[in-house]
Amino acid sequence: MAYRTAAAEPAAVSAEAAARPPHTNPRTPVKLPRRRGASTPWLYLAPALVVLAGLLVYPIYQLGLISFLEYTQAQVSGGEPTTFQGFGNYRTLFADSQFWQVLLATLVFAAACVLATLAVGCTLAVLLTRVRALPRLALMLAALGAWATPAITGSTVWVFLFDPDYGPVNRILQLGDFSWTYGRFSAFALVLFEVVWCSFPFVMVTVYAGIKAIPEEVLEAASLDGASPWRIWRSVMAPMIRPILVVVTIQSIIWDFKVFTQIYVMTNGGGIAGQNLVLNVYAYQKAFASSQYSLGSAIGVVMLLILLAVTLVHLRLLRRQGEEI
């Protein structure tokens, strides 16, 4: 029996040597041939990438270019030549105390909108999993109706609802002729209500889809163990749908940081003496109301860099926690 085994081993070795290509060292790794068609997906994506480059890369390039030039109404009309200013527009912008006040107000306002939107959207998403079909359908239709409403239309409706003379909200709350848009904080609160109203449906629908993908056995086991709804959300649902929460959080940060229509319509261009200005409205005033297009472009570049930094930091923290995004 030992003789047969010993004889079989040389036969196996010789068969392996015969299968090996000539002039090949058995210790040298064999290079596999490159798979054909590896670049085929990029060929299919090429038209979309070209369109995205035209719609995103070129406008960003023009925005950055104008921010380094002296570009006012005189240069637009051709009365004066365009000159290169370097970082002069940024120095002028950073030396303006109003810019820092508007930046702080924008950061606080955007953070409040994001937190409120996520809280309302996630709460209603969990509620959708606990109600019957008819209430669920009604809530979904109402939310989608708010989501589909144009921002300028929704802003106009909210201004009417909170109007001190004709609005029903003041009558119901018995606030008399209280003007929501007169005070700085009340005006920001009013705009926050409208932003959350038109933004929470996206969070609600997306999170609800993620919750429905969780196996029913997991939720039933947590319920049988005596976990409260809040504990089930915090310890079971949220960790399992964390990638979805990351997406809706980043989307909300981008949308709420660059709010324009709601502020412009509901506070009549930024409130009394600019008390309700945010960066987007501030850039509009500098670029179009004051014809300082280079300063407006510089504000746009600052906003772009802030959004990129926030997004990258958020993703980096998640990667450190072991999440695959």
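Definitions and limits used
- Here, residues in each chain are numbered from 1, in the same order as that chain's written sequence.
- Per-residue local features are limited, in this predicted model, to residues with pLDDT of at least 70; the limit for side-chain atom pairs, both in listing and counting, is 80 or more; totals at the level of whole chains, interfaces and linings are taken over all residues.
- Working from all heavy atoms in the structure, the side-chain values ignore hydrogens and water.
- For this analysis, a nonpolar core means a set of buried residues of the types Ala, Val, Leu, Ile, Met, Phe, Trp, Tyr and Cys, connected via side-chain atoms within 4.5 Å.
- In this scheme, a residue with accessible area under 20% of its type's maximum is buried, one over 50% is exposed, and one in between is partly exposed, where area comes from a 1.4 Å probe on protein chains only.
- The secondary structure listing takes helices from DSSP runs of H or I that are at least 4 residues long and strands from runs of E that are at least 2 residues long, numbered from the N terminus.
- Any two residues whose heavy atoms approach within 4.5 Å at even a single point are treated as in contact.
- The pLDDT score gives, residue by residue, the confidence of the prediction method on a 0 to 100 scale.
- Note on ring pairs: Phe, Tyr and Trp rings are taken, using the six-membered ring of Trp, and paired if centres are within 6.5 Å. Classes follow the plane angle, with under 30 degrees stacked, over 60 edge-to-face and the rest tilted.
- Expected helix span is given by 1.5 Å per residue-to-residue step, counting one fewer step than there are residues.
- Axis definition: a line fitted to C-alpha atoms, over the contacting stretch in the case of helices. Angles run 0 to 180 degrees between N-to-C directions.
- For this classification, under 35 degrees means roughly parallel, over 145 means roughly antiparallel, 65 to 115 means roughly perpendicular, and everything else is oblique.
- The sense of a crossing depends on the near helix, which, turned anticlockwise from the far helix by less than a right angle, makes the crossing left-handed and, turned clockwise, makes it right-handed.

1. As for the nonpolar core
Within the largest apolar cluster, 36 residues are counted, with the highest numbers of intra-cluster contacts made by Leu 93, Phe 99, Phe 109, Ile 263, Leu 279, Tyr 282 and Ile 299. Breaking this core down by element, the ones donating at least two residues are helix 4 (88-94), helix 5 (97-128), helix 9 (184-212), helix 13 (261-266), helix 14 (279-289) and helix 15 (293-320). In this structure, Phe 99 is in contact with Leu 93, Phe 94, Leu 279, Tyr 282 and Val 302, ignoring residues within four places of it in sequence. Grouped together as the second largest cluster of nonpolar side chains are 27 residues, Val 126, Met 140, Phe 202 and Ile 214 included.

2. Side note on the confidence of the model for the chain
Within the chain, residue pLDDT values average 85, and 87% of them lie at 70 or more. Mean pLDDT across the elements of the chain bottoms out in helix 1 (residues 2-19) (46) and peaks in helix 5 (95).

3. Some thoughts on the packing of aromatic side chains
Going through the model one piece at a time under the given rule, you end up with 22 aromatic pairs. Each ring, one from Phe 162 and one from Trp 180, has its centre 5.0 Å from the other, and the planes form 80°; the classification is edge-to-face. Of this pair, Phe 162 sits in the loop between helix 7 (151-161) and helix 8 (168-173) while Trp 180 sits in the loop between helix 8 and helix 9, and the two are 18 residues apart along the sequence. The exposure class of Trp 180 is buried, given its relative accessible area of 13%.

4. Some words on unusual backbone geometry
The backbone phi angle of Gln 174 is positive, close to 55°, even though this residue is not glycine. What makes Gln 174 exposed here is its relative accessible area of 73%. The phi torsion at Asn 268 lies on the positive side, around 60°, for a residue other than glycine. Among the secondary structure elements, Asn 268 is positioned in the loop between helix 13 and helix 14.

5. Considering helix 12 (residues 242-257)
Here helix 12 contains 16 residues, and its C-alpha end-to-end distance of 22 Å stays within 8% of the 22 Å for a straight helix at 1.5 Å per residue. Listed as buried for helix 12 are Leu 245, Val 246, Val 248, Thr 249, Ile 250, Ser 252, Asp 256 and Phe 257.

6. Comments concerning the packing of helix 7 against helix 9
Running from N to C, helix 7 and helix 9 cross one another at 135°; their axes reach a closest spacing of 10 Å. Judged on the interaxial angle alone, helix 9 and helix 7 are oblique. Viewed along their axes, helix 7 and helix 9 form a crossing whose handedness is right-handed. Contact with helix 7, carried on its side by Ala 151, Gly 154, Ser 155 and Trp 158, involves Leu 190, Phe 193, Glu 194 and Trp 197 of helix 9 and no other residues of that element.

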